[in-house]
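In case you want the letters, here they are:
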Amino acid sequence: MSVDQDESLPETFWAVARRLRHRTREALEAWDLSPSLARALSVLSRHPDVRLSTLAEHLRIAARTATEVADDLTELGLAVRQPDPGDRRATLLTLTPKGEQTASAIRAARQASGEEFFEKLSAADKADLARVLAQLRED
């Protein structure tokens, strides 16, 4: 497949990103979670016992929105709030066993979906794409 000569590189990139996001949404359907809640689970699985302000920073969202995310995760039984032993005024958000299991299953589903998405590329093309994307991410 060739790139349309009238389409700019950024337009092509965003079109691919939209397709990948669509596939991710499809992979999340089994858990009936929004992409934002799935991202929050991912953050919590990598950073256990996190303050809501830290969760907001990782997700690049407002603190108020992080509170809503925490409310949703708690209501679904995926996380619990606990007092911060180092600061009684602060609260920590921690995954429940159900949350840990869900985060792990989502990670595996997203990995499989991503591998399927990129399977048409040769090993050399995948390596080149990974190198270029890593370079762009660092800038």
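Details of the structure are given in the entry above.
Keep in mind that what you see is a predicted model, and the values were worked out from it rather than measured. Along each chain, residues carry numbers from 1 onward, in the same order as the chain's sequence is written. Local features are withheld for residues below a pLDDT of 70 in this predicted model, meaning they are given only at 70 or higher, and side-chain atom pairs are given and counted only at 80 or more; totals for whole chains, interfaces and linings count all residues. Values shown for side chains rest on all heavy atoms present in the structure; no hydrogens or waters enter the calculation.

1. Focus: the pairing of strand 2 (residues 79-84)
Line of reasoning, step 1. The pairing criterion for strands is at least two bridges between them, as found by DSSP. A run of DSSP states H or I qualifies as a helix once it reaches four residues; a run of E qualifies as a strand once it reaches two. Both are numbered from the N-terminal end. Strand direction decides the pairing type here: strand 2 and strand 3 (residues 87-95), joined by six bridges, are antiparallel. Note on strand 3: the bridge partner recorded for Q82 is L92.
Line of reasoning, step 2. Between the antiparallel neighbours strand 2 and strand 3 lie two residues.

2. Comments concerning the nonpolar core
Line of reasoning, step 1. Residues enter a nonpolar core if they are buried and are Ala, Val, Leu, Ile, Met, Phe, Trp, Tyr or Cys, with the set joined through side-chain atoms within 4.5 Å. The buried label goes to any residue with under 20% of its type's maximum accessible area, the exposed label to any with over 50%, and the partly exposed label to all in between, with areas taken from a 1.4 Å probe on protein chains only. Grouped together as the largest cluster of nonpolar side chains are 21 residues, with contacts concentrated most on L41, L44, L55, L73 and L93.
Line of reasoning, step 2. Contributions of two or more residues to this core are made by helix 2 (35-46), helix 3 (52-59), helix 4 (63-75), strand 3 and helix 5 (97-118).
Line of reasoning, step 3. When residues of this core are assigned to their parent elements, the largest contribution, six residues, is made by helix 2.
Line of reasoning, step 4. Here, two residues are considered to be in contact whenever any of their heavy atoms come within 4.5 Å of each other. Among residues more than four places away in sequence, those in contact with L73 are L37, A40, L41, L44, L78, A79 and L93.

3. Side note on the pattern of salt bridges
Line of reasoning, step 1. Salt bridges are counted wherever a side-chain nitrogen of Lys or Arg sits within 4 Å of a carboxyl oxygen of Asp or Glu. Enumeration according to the criterion identifies six salt bridges in this entry.
Line of reasoning, step 2. Measuring nitrogen to oxygen at the nearest pair gives 3.1 Å for the salt bridge that ties R23 to E116. You can see R23 sitting in helix 1 (residues 9-28) and its partner E116 sitting in helix 5, a full 93 residues away along the chain.
Line of reasoning, step 3. For E116, a relative accessible area of 46% puts it in the partly exposed group.
Line of reasoning, step 4. D87 is paired through a salt bridge with R89; the nearest N and O atoms lie 3.1 Å apart.
Line of reasoning, step 5. Connected via shared salt-bridge partners are R51, D84, D87 and R89.

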